[in-house]
Amino acid sequence: MVTHMTSEVKFIVDEMLGNIARWLRILGFDTIYARDLRVSYNGKSFDTYLLRIAILEKRILITRDKEIVQRAKHYGVKVISILQNSKDIVTTLGDILIKSGVSHPPVNYGILRCPICNGILRPIAKENVKTLVPEKSWRFAEEFFKCSNCGKIYWKGSHWRKISKVIKSLSEILSKNSDHSIKDKQKN
Ligand SMILES: [Zn+2]
């Protein structure tokens, strides 16, 4: 299996799977969410448009739509299908990353993306955000980030605990998986 150390793995996520799109961005992956494209799209077949972007930008398509899975395979687009009754988000993300050949989420290398617009988050000094965030958050948080695209300010607040937990669980899933694939290789 080819493993990718950086964020060269890119995704395009079908509508209805907004939660997955947001999480992939939080984990640092360049992720297009189909619903954001729909707004400005006025062509005939939206599915064809998604497939074209996947091909041109070498993005892995994540979808729940069986029809588009078949078409993606036909065009040689790498596609990961999500079952209707998906398990918890960690298991789902773990499956996606393993199937994508990812060994570490890019967040391990300090890449964070805006869950709303996919822009890269850059650190911003605490003194520069005093008037931009709630006072309580400003007092308690130490690390702040600004989206290079939409300008939204983020900080490592209480929600970061949940994110850290997900990242930790995913790292465990991925390292277990790479142990297995090393053993499989030694067997062969
Ligand atoms: Zn943004």
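Q: Can you help me understand the overall build of the protein in this one?
A: Tallying secondary structure elements over the protein gives seven helices and seven strands in all. Counting from the amino terminus, helix and strand elements in the protein follow one another as β-α-β-α-α-β-α-β-α-β-α-β-β-α. Over its C-alpha atoms the protein spans a radius of gyration of 18 Å, differing by no more than 12% from the 16 Å that the globule rule assigns to 188 residues. Dimensions along the principal axes, computed over C-alpha positions, put the protein at roughly 55 × 50 × 30 Å. Out of the 188 residues in the protein, the part that is buried amounts to 29%. Partitioning the intrachain contacts of the protein with sequence separation of at least 6 by distance along the chain shows that 53% fall at a separation of at least 24.

Q: Where do I start with the sheet that holds strand 4 (residues 79–81) in this structure?
A: Strands in a sheet are paired, the pairing made by backbone hydrogen bonds, and the direction either parallel or antiparallel. Strand order in this open sheet of four strands is 2-1-3-4, and the pairing throughout is parallel. Each edge of the open sheet is held by one strand with a lone partner, namely strand 2 (30–33) and strand 4. Between one strand axis and the next, the sheet turns by 20° as a mean value, whatever way the strands run. Both strand 1 (residues 10–13) and strand 3 (residues 59–63) contribute to a ladder of four bridges, which runs parallel. Its bridge partner lying in strand 3, V13 is registered against I62. The sheet strands contacting helix 1 (residues 18–26) are strand 1, strand 2 and strand 3, and the helix crosses strand 2 at an angle near 160°.

Q: Help me understand helix 3 (residues 46–56), please; the structure alone is not making it clear to me.
A: Working note: α-helix, 3.6 residues per turn, so residues spaced by three or four point in the same direction. Every buried residue belonging to helix 3 is among L50, L51 and A54, and all of these are buried. The buried side chains of helix 3 occupy one side of the element, clustering within an arc of 95° when seen end-on. As for helix 3, its buried residues are in contact with strand 1, helix 2 (34–38), strand 3 and helix 4 (66–74). Looking one or two residues beyond helix 3, the residue adopting positive phi is K58, at roughly 50°.

The rules behind the values
Residues numbered from 1 in each chain as written. Predicted model: local features only at pLDDT ≥ 70, side-chain atom pairs only at ≥ 80, totals over all residues. Helix = DSSP H or I, 4+ residues; strand = E, 2+ residues; numbered from the N terminus. Rg over C-alpha atoms; globule rule 2.2 N^0.38 Å. Buried ≥ 20, exposed ≤ 12 C-beta atoms within 10 Å, placed from the backbone. Contact = placed C-beta atoms within 7 Å. Pairing = 2+ DSSP bridges. Axes fitted to C-alpha atoms, helices over the stretch in contact; angles between N-to-C directions. Arc of directions from axis to C-beta.

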